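Take a look at the letters that make up each chain.
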Amino acid sequence: MKKLRYIKQICIVAILLALGSCNTMDPIPTNDFTDANFWTSPENAELIVNMAYNQMYSADKMWNDEALSDNVFEGRTNTDQRIIRNGIADPSLGLFDTEWEWAYGGLKTCHVFLQFIDIVPGMTAEHKERRKAEVRFIRAHLYFRLVNFYGDVPFFTSDVSLDESQRVPRTSKAQVLSFIHQELDEIIPLLPSRNQLSAADNGRITSGAAVAFQARAYLYESSWSKVIEYCDKLINQGETFGNYSLFPSYSGLFEATNEYNQEVILDYAHVPSVKYWSKYYDAAPLSAGARLNAYAPLQELVDSYLTTNGLTVQNDPTYNDNNPYTNRDPRLAASVVFHGGQWTSFDGTTKTIYIRPGTGGTAEERMDVYINSSSNSTATGYYMRKYYDQTAITNYQSGLNIIMYRYADVLLMYAEALNEQNDMDENAWNNTIGAIRARAGFTNPAARSYPSTATQAQLREIIRNERRSELALEGLRYYDIIRWKAGTQYLNGFVHGAKFANSGTAYIQLDNRRFDENRDYLWSVPRAEMDINNNLRPNNPGYGN
Amino acid sequence: MKKTCIIIPLLIYLFGFGVNSYGTASKSIREKAVGLNQTTYTGVVKDKLGVAISGASVAVKGRAASTSTDNNGHFSISASAGEVIEISFLGYEQMMVTLTQQTNLNVVLQESANTELDEVIVIGYGTTTRRRVVGAVDHVNSDIIENRPVTNLTQALQGTMPSLNIQQRSMNPNDNTMNINIRGIGTMNNNSPLIVIDGLVSDGASLNRLNPNDIESASVLKDAGTAAIYGSRSANGVLLVTTKKGKKNQKPTLRLSTQTGIQTPKILFRPVEGYQNATLKNLSLTNVNAHPQFTPEQIRDLYDHRAEEEWSYDVILQDGLQQNYNVTLSGGSENTTYLFSGGFLDQESNFAGDFGIQRYNLRANVTSDINDRIKISSILNYARNNNKASTASNAIINSSRIPPYYYYRMQADNGKYLVNNALTDQNPLAELRDGGRIDSDNDYFNVNLGLDVKIIDGLKLRGVFGADMFSNHRYTRRLQIPLYSSPDATTPLVFVNTERNTEDYNEKTYLLNYQLLLDYDKTFDKHQITGLFGASNESYTRRANEIRLRFTDPILGVPVSETEILPSSYVSPQQTQQTGLSSLFARLGYSFDQKYFIEGSFRYDGSSKFLKQNRWGFFPSVSLGWRLSDELFMDSYREKIGDVKIRGTYGHLGNQDIENYQYLTVYTPYTNAYGFNNTSVAGAGFRYGNETISWETTKSFNIGADLTFFSQRLNASFDYFNNKTVDILTEPNLSAVFGTKLGSLNIGEMVNRGWEISVNYGFETGNANHRVGGNVGDTFNKVTKYTNDEDILTSDNITKLIRVGVPFMSYYGYKTEGYFQSMQEIEAAALPVGVAADDLKPGDVRYVDRNQDGVIDGRDRFVLGSGFPRFTFGFTYDVSYKGFDFGMLVQGSAKRDMMVRGELVEPFHSNYSFVMYQHQLDYWTPTNTNATWPRLTAAGATSTANNYGRDSDIYMFDGAYARLKNIQLGYTIPNTYSEKIGIANMRIFVNAQNLLTLSKNSWIDPESSEFNSNMSGSANSARNYPTLKYYGFGLDIQF
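What counts as what
Residues numbered from 1 in each chain as written. Chains lettered and ligands numbered in written order. Predicted model: local features only at pLDDT ≥ 70, side-chain atom pairs only at ≥ 80, totals over all residues. Heavy atoms only, no water. Helix = DSSP H or I, 4+ residues; strand = E, 2+ residues; numbered from the N terminus. Buried < 20%, exposed > 50% of the residue type's maximum accessible area, 1.4 Å probe, protein only. Contact = heavy atoms within 4.5 Å. Areas by Shrake-Rupley, 256 points an atom, 1.4 Å probe, with all protein chains shown as cover. Lys, Arg positive; Asp, Glu negative; His and termini not counted. Charge placed at Lys NZ, Arg CZ, Asp CG, Glu CD. Buried area = accessible area lost by both parts, 1.4 Å probe. Salt bridge = Lys/Arg side-chain N within 4 Å of Asp/Glu carboxyl O. Pairing = 2+ DSSP bridges. Axes fitted to C-alpha atoms, helices over the stretch in contact; angles between N-to-C directions. Parallel < 35°, antiparallel > 145°, perpendicular 65-115°, else oblique. Left-handed = near helix turned anticlockwise from the far one by under 90°. Nonpolar A, V, L, I, M, F, W, Y, C, P; charged D, E, K, R; others polar. Polar contact = N/O pair within 3.5 Å; in protein donor to acceptor, adjacent residues only side chain to side chain. pLDDT = per-residue confidence, 0-100. Patch = residues over 30% accessible without salt bridge, like charges linked within 9 Å, V, L, I, M, F, W, Y side chains within 5 Å. Phe/Tyr/Trp six-rings, centres within 6.5 Å; stacked < 30°, edge-to-face > 60°. Lys NZ or Arg CZ within 6 Å of the ring centre and 35° of its normal. Bend = angle between axes of the 7 residues up to and from the residue.

S.K.: Help me understand the overall build of chain A in this model?
M.R.: Scanning chain A from terminus to terminus reveals 22 helices and 13 strands. If one aligns the C-alpha atoms of chain A with their principal axes, the spans along those axes are about 115 × 55 × 50 Å. For chain A, the residues scored as buried account for 63% of the 545 residues in total. Here the contacts in chain A between residues at least 6 apart in sequence split such that 68% fall between residues at least 24 apart. Carbon and sulfur atoms form 50% of the exposed surface of chain A, whose accessible area is close to 19000 Å². A distance of 5 Å separates the average location of the 51 positive side-chain charges in chain A from that of its 63 negative side-chain charges.

S.K.: Mind showing me how you'd approach the interface of chain B and chain A here?
M.R.: Interfaces are often described in size by the accessible area the parts lose on coming together. On the chain A side, the residues contacting the 114 residues of chain B number 112 residues. When chain B packs against chain A, the two sides together hide about 9400 Å² of surface, and 59% of this comes from carbon and sulfur. Of all residues in chain B, B:Tyr667, B:Tyr674 and B:Val737 bury the most surface against chain A, accounting for 9% of the area lost on that side. There are four salt bridges connecting chain B and chain A.

S.K.: Looking at this structure, I do not really get the sheet that holds strand S34 (residues 679-688) of chain B. What am I missing?
M.R.: Within a beta sheet, neighbouring strands are joined by backbone hydrogen bonds and run either parallel or antiparallel to one another. Spatial ordering of the open sheet is given by S1(A)-S33(B)-S34(B)-S37(B), a layout of four strands whose pairing is mixed. Each of the sheet's edge strands pairs with one partner strand only, and the pair in question is strand S1 (33-34) of chain A together with strand S37 (741-742) of chain B. The pairing of strand S33 (residues 666-676) of chain B with S34(B) spans eight bridges and is classified as antiparallel. For B:Gly675, the partnering residue across the bridge sits in S34(B) and is B:Ser680. Contacting S1 of chain A together with S33 and S34 of chain B, helix H2 (residues 42-54) of chain A runs over the sheet at an angle of about 95 degrees to S34(B). The strands that helix H5 (residues 94-116) of chain A touches are S33, S34 and S37 of chain B; relative to S34(B), the one it contacts most, it runs at about 90 degrees.

S.K.: Just checking my understanding: could you explain the sheet that holds strand S10 (residues 137-141) of chain B for this structure?
M.R.: All names here are of chain B. Taken in spatial order, the five strands of this open sheet run S10-S15-S16-S13-S14, and their pairing is mixed. Looking along the sheet, the strands with just one partner apiece sit at the ends: S10 and strand S14 (200-202). The average undirected angle you get between the axes of adjacent strands in this sheet is 25 degrees. Summarising the sheet, S10 and strand S15 (residues 215-221) pair through five bridges and their orientation is antiparallel. Pairing of Val140 across the sheet is with Ala218, part of S15.

S.K.: How do you make sense of the packing of H2(A) against helix H6 (residues 125-150) of chain A when you look at a structure like this?
M.R.: What describes two packed helices is the angle between their axes and the distance between those same axes. Residue and element names in this part refer to chain A. Their axes nearest at 9 Å, the elements H2 and H6 cross at an angle of 25 degrees. With respect to H6, the element H2 is oriented roughly parallel. Between H2 and H6 lies a crossing of left-handed hand. For the pair H2 and H6, the contacting residues are Glu46, Val49, Ala52 and Tyr53 in the first and His127, Arg131, Glu134, Val135 and Ile138 in the second. Classifying every residue of the contact of H2 with H6 gives five nonpolar, one polar and three charged.

S.K.: For this particular structure, what's the right way to read the side chain of B:Asn249?
M.R.: By the secondary structure assignment, B:Asn249 is in the loop between strand S16 (238-243) and strand S17 (250-266). Among residues more than four places away in sequence, those in contact with B:Asn249 are B:Ser66, B:Thr67, B:Ser68, B:Gly332, B:Ser333 and B:Glu334.

S.K.: Any chance you could explain the side chain of A:Asn539 here in plain terms?
M.R.: Residues and elements named next belong to chain A. The residue Asn539 is located in the segment after helix H22 (527-532) in this model. Only 2.8 Å separates the side chain of Asn539 from the side chain of Ser524, close enough to count as a polar contact. Here Val525 takes part through its backbone nitrogen, which lies 3.0 Å from a polar atom of the side chain of Asn539. Dropping the residues within four chain positions of it, Asn539 is found in contact with Pro91, Arg170, Ser524, Val525, Met530, Gly544 and Asn545.

S.K.: Where do I start with the confidence of the model for chain B in this structure?
M.R.: Low pLDDT means the predicted atomic positions in that stretch should not be read closely. Across chain B, the average pLDDT comes to 89, with 95% of residues at 70 or higher. Predicted confidence is poor over residues 1-35 of chain B, with pLDDT under 50, and the contacts of this stretch with residues over four places away or in other chains come to 48 contacts.

S.K.: So what exactly am I meant to see when it comes to the pairing of strand S20 (residues 356-369) of chain B here?
M.R.: Successive residues of a regular strand alternate their side chains across the two faces of the sheet. Residues and elements named next belong to chain B. Taking burial as the measure, the 14 residues of S20 include eleven buried ones, the bulk of the element. Where strand S19 (residues 336-348) and S20 come together, 13 bridges link them in antiparallel fashion. Residue Tyr338 lies in a different strand from S20, and its bridge partner there is Val366. Note: S20 against strand S21 (residues 374-390), 14 bridges, orientation antiparallel.

S.K.: Help me understand a nonpolar patch on the surface, please; the structure alone is not making it clear to me.
M.R.: Residue and element names in this part refer to chain B. Together, Tyr590, Ile598, Val622, Leu624, Tyr650, Phe701 and Ile703 make up an exposed nonpolar region whose accessible area comes to about 590 Å². For the nonpolar patch, the elements supplying multiple residues, two or more each, are strand S31 (616-626) and strand S35 (696-709). Residue placement: Val622 occurs in strand S31. Looking at Val622, the relative accessible area reads 40%, which means it is partly exposed.

S.K.: Teacher, can you tell me more about the environment of B:Phe1011 here?
M.R.: Structurally, B:Phe1011 can be placed in the loop between strand S53 (985-999) and strand S54 (1027-1038). The residues touching B:Phe1011, leaving out its near neighbours within four places in the chain, are B:Arg169, B:Asn179, B:Lys800, B:Met809, B:Tyr811, B:Gly867 and B:Ser1016.

S.K.: Help me understand the packing of aromatic side chains in this model?
M.R.: Any pair of aromatic rings gets described here by the distance separating the centres and the angle formed by the planes. In total, this model carries 88 aromatic pairs over all chains according to the counting rule given. Residues A:Phe33 and A:Phe38 carry aromatic rings whose centres are separated by 5.5 Å and whose planes lie at 65 degrees to one another, so their mutual orientation is edge-to-face. Taken together, a centroid distance of 6.4 Å and an interplanar angle of 10 degrees make the contact between B:Tyr325 and B:Phe344 stacked. Of this pair, B:Tyr325 sits in strand S18 (residues 320-332) while B:Phe344 sits in strand S19; the two residues are 19 residues apart in sequence, bridging distant segments of the chain. Judged by its relative accessible area of 35%, B:Tyr325 is partly exposed. Under the relative-accessibility criterion, B:Phe344 is labelled partly exposed at 22%. Taking the ring centre of B:Phe862 as reference, the NZ or CZ of B:Lys815 above it sits at 4.4 Å. Positioned above the aromatic ring of B:Tyr814, the side-chain terminus of B:Arg950 is 5.4 Å from the ring centre.

S.K.: How should helix H16 (residues 426-440) of chain A be read in this particular structure?
M.R.: Three or four residues apart is the spacing at which side chains of an α-helix point the same way, because the helix has 3.6 residues per turn. Residues and elements named next belong to chain A. For H16, the principal kink sits at Gly434 and spans about 40 degrees. Burial in H16 covers these residues: Ala428, Trp429, Thr432, Ile433, Gly434, Ile436, Arg437, Arg439 and Ala440. The inward-facing, buried residues of H16 contact helix H13 (330-335), strand S11 (402-406), helix H15 (407-420), helix H17 (445-448) and helix H18 (456-471).

S.K.: Would you explain the pattern of salt bridges in this entry?
M.R.: A side chain of one charge can pair with a side chain of the opposite charge when the charged atoms of the two come close. Residues and elements named next belong to chain A. With the rule as written, the count across this model stands at 94 salt bridges over all chains. We note a salt bridge from Glu474 to Lys386, for which the minimum N-O separation is 2.7 Å. Taken together, the residues span a long stretch of sequence, with Glu474 in the loop between H18 and helix H19 (477-483) and Lys386 in the loop between strand S10 (383-384) and S11 at a distance of 88 residues. Owing to a relative accessible area of 4%, Glu474 belongs among the buried residues under this scheme. One continuous salt-bridge network, built from bridges that share partners, spans Glu263, Asp329, Arg331, Lys386, Arg406, Arg437, Arg439, Glu466, Glu470 and Glu474.

S.K.: Explain unusual backbone geometry here, please?
M.R.: Leave glycine aside and you will find that most residues have negative phi; peptide bonds, for their part, are mostly trans. In this model, A:Arg537 is joined to A:Pro538 through a cis peptide bond whose omega is 5 degrees. Turning to its location among the elements, A:Pro538 is positioned in the segment after H22. Not every positive phi belongs to a glycine, and B:Asp198 is a case in point at roughly 50 degrees. In this structure, B:Asp198 sits in the loop between strand S13 (194-197) and S14. A relative accessible area of 13% means that B:Asp198 is categorised as buried. The residue B:Asn677 is not glycine, and still its phi comes out positive at about 55 degrees.

Printed below as a string of structure tokens:
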């Protein structure tokens, strides 16, 4: 009997042990929401909207896009942008993959939001429509980036299943663009204009942003009349689409104190000390506390700036290439640090930057001097200036917003479209290029007045160059070159630095870039993606499958 | 559910002590009955050479009375004439003496013929002997672990057992990264073995908190037959650690031991001299038509100042002192045993500044037989780790990549820390000396309480409660230091640690463990039956919080008005993890005549990592063994040659080591995702879950043989295994178009095969006793199923591959085909996409055009090799001669590929390195066409992109090596001398570690690897902590 009693006790304890547990066997995450409790509040829905904004663009994207152009040189390492420009990219290139993955990640956020937003309680229908319109804008923006890089891409307008994602074929770029145009037209009336926006909503997508996006999308298709139509809404219909105008100071436009000014149509938000970018840690002069220089303006960019006479350096007899930085477009000094240029430190003091070899009085001043293309100082003889944030904190952590659309761009698009339609005249010039040059700080009337004798082709060159000077280092130059089909003109052959080589007798010769007209207007579809989804083949021409 | 947490231990104790009172009463009655006419018998026990045997058991047959011999072999026991005493000691034949009136006995024990076979081996939930074991188990005792100048148990086990692969990836005391793999790579998931300490499943972190001096033995369970009892977590093998205990009837023994030594950092690579470096830098530039950097005058100047050169890497290193002290008091009475120990370890870091680790250990292991039926045991272990690390995370890179130019100094004579155009805004010396510190203090408390109740003869009930508690705290303080552009500069150019962070991290984890076991072991004539039935529950909880401040007060580090709380700070719910595992398990064994063995076991596990309907997994195994040599027809073989045992097992083992909540779709909030009007807002990301996930299963087959030769002097074991793992839980390789991640799915399959041999041989030459041991093992795995068949993972020019048909995480990339020797060769060759013939020059790398399509692209890549060590071996040799003893351990791997990138391979790597190393001097030139390396080219050039910008075998090296891990010489002072000063035993020794390493690449430590136990990790840039050589001495005293 005793034995039986033991066995009974053992069994009881054993069963208790097996079933009982200190921790529950069905734990609930303490750090995450689940499907069961996420879509239950407007606050949570806003989290996804905010995430979509986060995935729309970034400061790094802007800098990387710019490095694809003839404005910038990444001298330290073989970055993916540099590999593309040197014509040696193959479909396994990391950037082809990461850009694609990033865009579809953002699209997922948009589609999941659009799928679930209707079940969220506690939100007015109007509020939901407005947030949906913002998210639809972001979705269109992501598709726009995708087609500009890859041409035809996998396209869908609701969330894809795992299985679909591995079978979906590519949709033609034209079809995707027509969806973008249609979406933007649909959401313009659903979005508030800049005038209606409360201060707290500064930075939200407005109807003006959607109009500007339409203009840019049509610009990239060279649909000139559409460009004119949408630019006109922003230039002449301010009551409906928001009042915009040029900010009086060109350099001030990119300063933290002037965020959300009247020129900004949409920017990508950063917040001091909590959401920041720090490109300048590897781009500013070393004497200003940069770690190294990995990103520097090219001589070709510097040369593109006009003289104060409104002439190109080739055409202005007063230009002296041994004293190249005097009497130049003021936007040069606002965008680029050249030898003898000024730098305002975080503490507000201003100092001269010495770059020419053999200059600089102290060890500190000599930190910035050009050594060669494989040193810590600049590889080109120039440093970056535009978007330098004087309010940044340690390691150049900057909360400065990155402008995606601004009014000057609208004026430039308008001017370009008018000229392409052969409709440019003195009045239009004065309202566009003239106004921009005046704001830039040109005082010589010769530089501001309408070149009435110029042919359409000459005007085209002038407008294109103006676009480069005004929008340099803002991530747009590459797309302009691509849409102009001007790859061979701008992205082929040697790029250069300042005239510091051979004891100051020659320009620094850097990479010999290669542009393949039959290949390089598009990127390759990522190889890993083609390997998973055979329907992505054939690849874009010239890359191989 | 929560309540059972308290109820169960209560039940165990109530139940236990209920029986207890009954048992105590009965004992006292019986003691009296035999207490008549007793005499005290004394004696001494010696071996045939006349050496006293201490710790031998002396027991009166048929009674509970027993004792053991002291350090001089003496014993004393009360008994009556006519009774029989049994004297036994491990490794010797049992001796029976019938007592007469002669009360002074001299006993000589004969060495047992079956020493090895009767060795007790710890297995899951029990013990067995070498004779009876039918699975693949390796076992080492404390003698292997003690006296090695290692700082933790993992290091101590390196090289001791076949297929127990331990790689010490970093020798940094503050970041002692080590991989442990048993039998190679069996899953794409975590490959770390299960750690069991004194019968309780433990967190892996506890292993290195133990004092190696406290370890009695370690067993490794390698096959299904032995490991399946641990069910769902046993697929990677099980490491069982048993701590020392006192012995019954042993008078108190006090043992003191100490080791002290110096660890000398050995940098395996050296830069060339400054003038040479400048010349080579110029050559790399002019080779790609760029302008030289140094003028001839500058080079001349460097040449003239050669004597003043110093290399920053040398400056930041110093010798480190390592000290270890242990004190152990052990003993036992008739019913109780005890062992108390304390240990202190202090290992200095080799970085300039005052860093290193300190560990304090305290242990109390007590057992007590309350009566004939009840035994209680208690293990209490406390460890304190103080880890003092520097804030300079890049000190090695930032110092080793700077050329030794005489004008590059980290610190001026006036004390100012300097920067220059190579260091820019970094200064490793400043960071190490004055940049603040990361101080961690970690408490580990381990409780292991057991209660054994003998129910009937052969049937025992055992209840165990165990708790592993970790309390970790880390305080980080980063001090701002000004750096100057020159010694006479008055204002600093930059600062390091400009943010002046102060951070506090607190973590608590506890693992609670309950077990109830029924154990049966009974022999009827020639039949032996063993049985085990058990239930257990484990609960794991982790909570952590961290506050991170920046811009704190420069002196106090406390918050001031400008201080910001960094958004990476977090509160407990953000870092809470809870898991539970409930199990039932059983083992049934039968053997006939110690000749035929059959054993079966199963475990039934339920895990909180899976949804209810997929939660439970069943893991059975069966084992068979046959002592062939005990058959009649083998009699003559047995007598002439030795024993033969053949054994085989098959079973299912599980693995569930994935993150929590993988079956749920989760939405994770992120702070500061975006901002409106300069006010930050949060966002949320999501990861999709899959409700169907469940256990991954390894189907494991093992066959082995144990053989002895030369009258058991030589014994050998051989094992072959074949494992197939199905339903491997891993994250699928998805199309990026899907847009987000999926949690782990049961999607992979792989096979893993291998074999191992271990041989031990003991022999004598004259007065010298020799013992030679060797082990070697090899494993080979292959992926057999994976989503979309492959995944190519590239990180910094090193590509790893998951592909059906090749080993998991193989190296993948281009094959080089030497260097171009002429322009004609370049023009005729297939070149990488976009590269024109005139971009390259003779001396640049040529690649194999695998698919012969005239262009080198991703399709031309090969499976290049595997980074997992194969043919790993260990070799030990010990010899004792009179009072002297000598021992050595060599360990290594005979086959391993190792990919290394960065400045140690590529000169002037990506402009991040400014220096060329001596081992890079054999580069291609028109007069040195048969060179090791391609011609020198500057970073950024197309040639450099061609030569070094690709994931090719230029980065692949032979990782095979053999290392004299440990060597020591000791001397035991003869008892006759030591006893005069009251010391029973005294040994002094000198030892050394890592004295000699044979490898094909002198410039890199062959143990360094990018792979962790999961075969993941970013590319190996060879920026390891230097290899440490240890020279020391020690003292071991027993009172």
